[in-house]
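# Structural overview
Here are the chains, one letter per residue:
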Amino acid sequence: MAEDDGIKTVIGADTLINGTVRAEAEIAIYGKVVGEVLSSDTVIIEDGGLVEATINAPWVIVSGAVVGDIVATEKLEILETGRIIGDIRALNIVMVEGGAVSGRVIIGADFAESAGIKAPQRTQSTRTGAPLTKSRPRVETSPRGKTVIPVTSKGASRAKPVQSELIDYATKDHGDED
Amino acid sequence: MSETIIGSGVTVEGTITGNDRLLVTGTVKGEIDMNSVVTIDTDGEVDGPVAALEVVVMGTVNGSVSGSRKVDIRPNANVEGDVRTARILISEGAVFRGRVEMDLG
């Protein structure tokens, strides 16, 4: 964490950043960011904030709106007013009732690894191996905030079950991969 | 109106616009165009034009500076670029290289 005499980076509600934000310290976004957010620290999208960008950071906390993909190498938190339209990949996720996600979701250590989650500042190329390319699960939240992820890849039956709040999933071994 | 702070561990490559006050302690590579007071802190660095109602420079700016009301270049500031403003202050110790154009309107 950067030692910067306590000055935290804040993007004010009436500010628009168009471009790439690279951070080594915590940032809180109340305004609008269009482009890319790359951080080695926490990224917080506050209620009222809008990020039309890909976000790549260890911790991402969403209370606002994100239109773009999120990669959280440690934890993604989606709070009551959080709205995400985009694909998310996270090692861990906390989703609070009221939050909304629409996109592909890959959560958990095994999935994250095979999905090629990397720490920020690395290239985005996916690892070779066994990517879950065949039938990527679609995730949608119901109005009551419960998320159901159907998992269909062969690897899933060997994977450890992932505990995520308010996320139930059924593991089915379809045996139809590769 | 709120405030935007680009802290010292942050680099923005692109444009920053809006009506918030802006404090740059980090790095901005690109353009700043705010309808407010923009302050470049002592450790702040901007590579690109800065336009605002008022610009206070305590750090480094490599680019033009345009403050419709005022431009204040403080000691230890380093400005390389043309300045366009209605009022200008250049403190002793500041390093400045560029043209100054004053508009009185």
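Residues numbered from 1 in each chain as written. Chains lettered and ligands numbered in written order. Predicted model: local features only at pLDDT ≥ 70, side-chain atom pairs only at ≥ 80, totals over all residues. Heavy atoms only, no water.

### Re the overall build of chain B
- If you tally the helices and strands in chain B, you get zero helices and 14 strands.
- Overall, chain B shows an N-to-C arrangement of helices and strands of β-β-β-β-β-β-β-β-β-β-β-β-β-β.
- Whereas a compact globule of 105 residues would reach a radius of gyration of roughly 13 Å, chain B reaches 12 Å, a difference of no more than 12%.
- The principal-axis extents of the C-alpha atoms in chain B amount to approximately 30 × 30 × 20 Å.
- Across the 105 residues that make up chain B, the buried fraction comes to 46%.
- Within chain B, counting contacts between residues at least 6 apart in sequence, those at least 24 apart form 0% of the total.
- Carbon and sulfur atoms form 45% of the exposed surface of chain B, whose accessible area is close to 4,700 Å².
- Across chain B, the centroid of the 9 positively charged side chains sits 6 Å from that of the 16 negatively charged ones. (Helix = DSSP H or I, 4+ residues; strand = E, 2+ residues; numbered from the N terminus. Rg over C-alpha atoms; globule rule 2.2 N^0.38 Å. Buried < 20%, exposed > 50% of the residue type's maximum accessible area, 1.4 Å probe, protein only. Contact = heavy atoms within 4.5 Å. Areas by Shrake-Rupley, 256 points an atom, 1.4 Å probe, with all protein chains shown as cover. Lys, Arg positive; Asp, Glu negative; His and termini not counted. Charge placed at Lys NZ, Arg CZ, Asp CG, Glu CD.)

### Regarding unusual backbone geometry
Residues and elements named next belong to chain B.
- Phi at N76 is positive, roughly 70°, even though this residue is not glycine.
- By the element assignment, N76 lies in the loop between β9 (65–73) and β10 (78–80).
- Exposure remark for N76: the relative accessible area of 62% places this residue in the exposed category.

### Examining the interface of chain A and chain B
- Each partner contributes to the interface: chain A provides 22 residues, whereas chain B provides 22 residues.
- Carbon and sulfur atoms make up 46% of the area that chain A and chain B hide from each other, which totals about 1,600 Å².
- It is A:I7, A:D14 and A:R22 that lose the most area in chain A upon contact with chain B, and together they represent 31% of the buried surface on that side.
- In this assembly, chain A and chain B are joined by one salt bridge.
- Close ionic contact of A:R22 with B:E13 constitutes a salt bridge, the shortest N to O distance being 2.9 Å.
- Taken together, the connections running from chain A to chain B amount to 15 residue pairs in polar contact (both at pLDDT 80 or more). (Buried area = accessible area lost by both parts, 1.4 Å probe. Salt bridge = Lys/Arg side-chain N within 4 Å of Asp/Glu carboxyl O. Polar contact = N/O pair within 3.5 Å; in protein donor to acceptor, adjacent residues only side chain to side chain.)

### Observations concerning the side chain of A:D41
All names here are of chain A.
- By the element assignment, D41 lies in the loop between β4 (32–39) and β5 (42–45).
- One buried charged residue, D41, remains without a salt bridge, the closest side chain of opposite sign being K8 at 10.0 Å.
- Here the side chain of D41 touches T42 through a polar contact of 3.1 Å, side chain to side chain.

### Observations regarding the confidence of the model for chain A
All names here are of chain A.
- Averaged over every residue, the pLDDT of chain A is 76; residues scoring 70 or more account for 58%.
- Per-residue pLDDT, averaged within each element of chain A, yields its smallest value for strand β14 (residues 167–171) (44) and its largest for strand β7 (residues 65–67) (98).
- In this model residues 129–136 is a low-confidence stretch, pLDDT under 50, and it forms eleven contacts with partners more than four residues away in sequence or in other chains. (pLDDT = per-residue confidence, 0-100.)

### Re the pattern of salt bridges
Residue and element names in this part refer to chain A.
- Inspection of the entire model under this criterion finds twelve salt bridges over all chains.
- Its salt-bridge partner being D87, residue R104 comes within 3.2 Å of it at the nearest N-O pair. Of this pair, R104 sits in strand β11 (residues 100–107) while D87 sits in the loop between β9 (83–85) and β10 (88–95), and the two are 17 residues apart along the sequence.
- What makes R104 partly exposed here is its relative accessible area of 29%.

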